[in-house]
Amino acid sequence: MKKMIIYLLVVILLVILGCAGTTDPKTDEEAAFIADIIEHIGDTGDILKNSHGIVTDTLNCYYGSDSTFYELENNGIDAYYEGDWVLVPWHHISDPKTVALELFRFSYMDYQNNVEDYISSVAFIPFNNFTKDYYIDTFNNEEEAVDNTWFYFLKTTNADGAVAFSDTVGYHLISKPVLRIPTDQSVYTQSDSLIFEWNQNTISSLVKNRLLIFDENYHLIWFYNLLSNEEPDINFSEISGFALDPGNYIWRVDGIIEWVDELYIDGKQKEIYSGSESMERLFTITLTRE
């Protein structure tokens, strides 16, 4: 009886060790690093409130909580202003054995319609030559990019030839507002009437426009959310109640859909934000002429 008990204990121990193969140090060393694409986390000009609903701050995604400046908005996957493009950022990959990244993309429409080969490779990136933690997807056909939901995932390959795949992250790209005035590089004095005009470029009532004014270092100076049925013709002096100091300024208009869509990809629920960013323009304020 004692021999039988010992035999059973040995069998159980062997089974446990056999099932614990993923903890083998050699196996762990060969496994590829899993990249982490950053989901959309907000838009510049979003109002931050505390648990009591009191406004505490206005979000500016060009700056961190420690006032660190970011060259690009640090708000996860998002529209990019230079075109009908999507900015796809990921958390920094510090794994020394990673040798290559490959970014893949597919549209929700193709996924729903079971289109053959619906996944396409956007970029193959030799990792030792790539210092950025993002990729800007410019698309081959920008017209097809607009009014579509796009999903992305990253494949990492390490020196052992092992591969790993990130989670899938999505964003819905909408038509960008088209700026009219001020024109780029225009100059105003402090006494001039400063009017901002643009074409909304959409008939959807879901799209809300947000006018953003930055200084040349992307500090957010002022923003304005266009009201329902309000014309995109904003008199800055009348509405803001103050005059801009002499200097250089950047303005842009974002298109935002406040509704967050919930889609399912391979059985996983994904929260999908929507938006666009107009081209940016520079204007200058000088001292008032006497």
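Per-chain numbering applies: the sequence of each chain, read as written, is numbered from 1 onward. Two thresholds apply to this predicted model, a pLDDT of at least 70 for residue-level local features and 80 or more for giving and counting side-chain atom pairs, whereas whole-chain, interface and lining totals are computed over all residues. Only hydrogens and water are set aside when side-chain values are computed; all heavy atoms of the structure are taken into account.

Chemist: Pulling in residues and values, what's your account of the side chain of Ser278?
Modeler: Numbering of helices and strands runs from the N terminus, with a helix taken as a DSSP run of H or I at least four residues long and a strand as a DSSP run of E at least two residues long. Structurally, Ser278 can be placed in the loop between β18 (268-277) and β19 (281-286). Overall, Ser278 belongs to the buried group, its relative accessible area being 0%. It only takes one pair of heavy atoms within 4.5 Å for two residues to be counted as in contact. The residues contacting Ser278, other than those within four sequence positions of it, are Tyr81, Lys176, Pro177, Leu179, Arg252 and Val253. Relative accessibility thresholds used throughout: buried, under 20% of the residue-type maximum; exposed, over 50%; partly exposed, between the two (1.4 Å probe, protein chains only).

Chemist: I'd like to hear about the pairing of strand β14 (residues 207-215), residue by residue, with values.
Modeler: A large share of β14 lies buried, amounting to eight of its nine residues. By definition, two strands form a pair when at least two bridges between them are found by DSSP. Summarising the sheet, β14 and strand β17 (residues 247-265) pair through nine bridges and their orientation is antiparallel. Bridged to Leu211 within β17 is Val253. Inspection of the sheet shows β14 paired to strand β15 (residues 220-225) by five bridges, in the antiparallel sense. By the bridge assignment, Leu211 is partnered in β15 with Tyr224. Linking two consecutive strands that pair antiparallel, namely β14 and β15, is a turn of four residues; a positive phi of about 65° is found at Tyr218 within it.

Chemist: An account of the environment of Ile181 is requested, with residue identities and associated values reported.
Modeler: One can find Ile181 in strand β11 (residues 178-181). Residues Ile181 and Phe196, 15 residues apart in the sequence, show an inter-C-alpha distance of 5.6 Å. Here Ile181 is in contact with Ile195, Phe196, Glu197, Trp251 and Arg281, once residues within four sequence places are set aside.

Chemist: Describe the sheet that holds strand β4 (residues 85-89), naming the residues involved and giving the relevant values.
Modeler: The pairing of strands in a sheet happens through backbone hydrogen bonds and is either parallel or antiparallel. If you trace the three strands from one edge of the open sheet to the other, you get β3-β4-β7, paired in antiparallel fashion. Of all strands in the sheet, those with a lone pairing partner are β3 (78-80) and β7 (134-137), marking the two edges. Pairs of neighbouring strands in the sheet enclose a mean axial angle of 35°, with direction left out of account. As paired elements, β3 and β4 share three bridges and run antiparallel to each other. Bridge pairing in β4 places Tyr80 opposite Trp85. Every axis corresponds to a line fitted to the C-alpha atoms, with the helix fit spanning only the stretch in contact, and the corresponding angles, defined between N-to-C directions, vary from 0 to 180 degrees.

Chemist: Now, about the pattern of salt bridges: what can you tell me, with residues and values included?
Modeler: Every case where a carboxyl oxygen of Asp or Glu lies within 4 Å of a side-chain nitrogen of Lys or Arg is listed as a salt bridge. In this structure the tally under the stated criterion is nine salt bridges. Asp46 is paired through a salt bridge with Arg210; the nearest N and O atoms lie 2.9 Å apart. In this pair, Asp46 is assigned in the loop between α2 (25-30) and β1 (47-49) and Arg210 in strand β14, connecting sequence segments 164 residues apart. Asp160 serves as the salt-bridge partner of Lys97, at 2.4 Å between the closest nitrogen and oxygen. In this pair, Lys97 is assigned in the loop between β4 and β5 (98-107) and Asp160 in the loop between β8 (148-158) and β9 (163-165), connecting sequence segments 63 residues apart. On the basis of relative accessibility, which here comes to 29%, the residue Lys97 falls in the partly exposed class. On the basis of relative accessibility, which here comes to 43%, the residue Asp160 falls in the partly exposed class. In the salt-bridge network here, residues are joined through shared partners; they are Glu73, Arg252, Asp254, Glu277 and Glu280.

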